[in-house]
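# Structure assessment
Chain residues, written in single-letter form:
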Amino acid sequence: MEIIDKLQPFMLPGLIYGIGAIGLAITFRFLKFPDFTVLGSIMVGGIVCIYISNFSNTTLGLIAGFISGSILGLFTGFIISGLKIQSVLASIIVFTASYSIAYSLTDTGGGTISFNLEKYSIISSVFDLNDILLLLIVSLMICLVIAFIIRTKFGSLLLAMTASKNFLKYRHRYKNIILILTVGLGNGIVGLAGAFHALRDKSASVIGHSDFLPIILGALFGGNAITLWFTNKLHKNRIDDDELSKSTKSPSKLLRFIASVFSFQREDSKKIGMLFFTYVIGSFFLKEIHGIVHSKAFIDISFNLSHLIIALLIVFSVWWAGVEEE
């Protein structure tokens, strides 16, 4: 129990960052660029959530956090598609501009806003298993929604965004609107993560979340590596699909389902939904590691080395993903 007690303070932040990882993954996987707008979305999402919650309730605050992140993402999408500015630069521009919004909504413009403790909060500031369950349900629901979207016409158009530049230029008639909506959706999810984090901390700050981007990037590459590794292991000595399809036994049905999810050829909704949930788990573990190093809960490691450890984990994840892909 002592070990669990030391890990508890970082469990909720890890799952919350996992929700944010899903948001970045949408842009990174389908549009093929790292969207730095997310740094503004998680900041503004938290501040807007506290601001609205203090005047109404936390449910509306969470919705407002999602909407604020979506608006920032839509601006990024408009700049990319309308003004033809390079994707990464456009996201940095919007992230920079988001500071003005954040400072305008904080207490006396000081960069921090506090939650009115007389209000009911949907998530507590102390460890609670119900909060863990809530965040897991939210994460799963988001993954299921994304999996459903992939099965729609919009999903087909989104998958087409991963094609060559010539295809996008001459054949994809809806590339601009798909880009705008995708960046908006991704940043909305990140804004929701920022809102949950702010309600958990009972405050939001302009200078918070310095560890957000490295942790979720590590989770993205780590999740890809784990999925590729499992796929390779599953298909190395694969049982013939015809034999599986004829069997009605439960183990065969389970194996057939797993094989269909982790298929080399298929880029379907089940595989994408499962992959996105690995990003949540990856963020959870990386946040735990980061928190353990910071708090010196198990081993006395210098605070100065904590970010280096996360950087090394990202390097390992990228290397592992590359090896498995080859």
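Above this text is the structure in question.
Below or above, wherever it landed, is the structure these notes cover. What you see is a predicted model, and the numbers here were worked out from it, not measured in a lab. (Residues numbered from 1 in each chain as written. Predicted model: local features only at pLDDT ≥ 70, side-chain atom pairs only at ≥ 80, totals over all residues. Heavy atoms only, no water.)

## Here we look at the overall build of the protein chain
Counting secondary structure elements, the protein chain contains 14 helices and two strands. For the protein chain, with 326 residues in total, the buried portion stands at 49%. By sequence separation, contacts in the protein chain at least 24 residues apart represent 79% of the contacts at least 6 residues apart. Split by element, the accessible area of the protein chain, about 16,400 Å² in all, is 66% carbon and sulfur. (Helix = DSSP H or I, 4+ residues; strand = E, 2+ residues; numbered from the N terminus. Buried < 20%, exposed > 50% of the residue type's maximum accessible area, 1.4 Å probe, protein only. Contact = heavy atoms within 4.5 Å. Areas by Shrake-Rupley, 256 points an atom, 1.4 Å probe, with all protein chains shown as cover.)

## With respect to the side chain of Ser-53
Checked against the element boundaries, Ser-53 lands in helix α3 (residues 37–55). Ser-53 sits in the buried class, given a relative accessible area of 0%. Other than its neighbours up to four places away in sequence, Ser-53 contacts Thr-58, Gly-61, Phe-115, Lys-119 and Leu-199.

## Overview of helix α5 (residues 87–105)
Over its 19 residues, α5 runs 28 Å from end to end, which matches the ideal 27 Å to within 8%, given 1.5 Å per residue. Restricting attention to buried positions, one finds in α5 the residues Ser-87, Ala-90, Ser-91, Val-94, Phe-95, Ser-98 and Ala-102. Those residues of α5 that are buried are in contact with α3 and α4 (58–83). Two to three positions downstream of the cap, the backbone nitrogen of Val-88 sits 3.0 Å from a side-chain oxygen, assigning the N-cap of α5 to Gln-86. (Expected span 1.5 Å × (residues − 1). Polar contact = N/O pair within 3.5 Å; in protein donor to acceptor, adjacent residues only side chain to side chain.)

## Quick notes on a nonpolar patch on the surface
A contiguous nonpolar surface patch, about 450 Å² in accessible area, is contributed by Leu-60, Ile-63, Ile-67, Ile-71 and Phe-75. Note that Ile-67 resides in helix α4. (Patch = residues over 30% accessible without salt bridge, like charges linked within 9 Å, V, L, I, M, F, W, Y side chains within 5 Å. Salt bridge = Lys/Arg side-chain N within 4 Å of Asp/Glu carboxyl O.)

## Topic: the packing of aromatic side chains
For the structure shown, the criterion picks out seven aromatic pairs. Here Phe-276 and Tyr-279 contribute two aromatic rings whose centre-to-centre distance is 5.5 Å and whose plane-to-plane angle is 40 degrees, an arrangement assigned as tilted. One end of the pair is Phe-276 and the other is Tyr-279, both in helix α13 (residues 269–295) and three residues apart, which spans about a single turn. Through a chain of ring-to-ring contacts, the aromatic side chains of Phe-30, Phe-276 and Tyr-279 assemble into a single cluster. (Phe/Tyr/Trp six-rings, centres within 6.5 Å; stacked < 30°, edge-to-face > 60°.)

## Let's talk about the packing of α4 against α5
Running from amino to carboxyl end, α4 crosses α5 at an angle of 140 degrees, the nearest separation of the two axes being 9 Å. As summarised for this structure, α4 and α5 are arranged oblique, according to the angle between their axes. Where α4 crosses over α5, the handedness of that crossing is right-handed. Across the interface between the two elements, Leu-72, Phe-75, Thr-76, Ile-79 and Ile-80 from α4 touch Ser-87, Ala-90, Ser-91, Val-94, Ser-98 and Ile-101 from α5. (Axes fitted to C-alpha atoms, helices over the stretch in contact; angles between N-to-C directions. Parallel < 35°, antiparallel > 145°, perpendicular 65-115°, else oblique. Left-handed = near helix turned anticlockwise from the far one by under 90°.)

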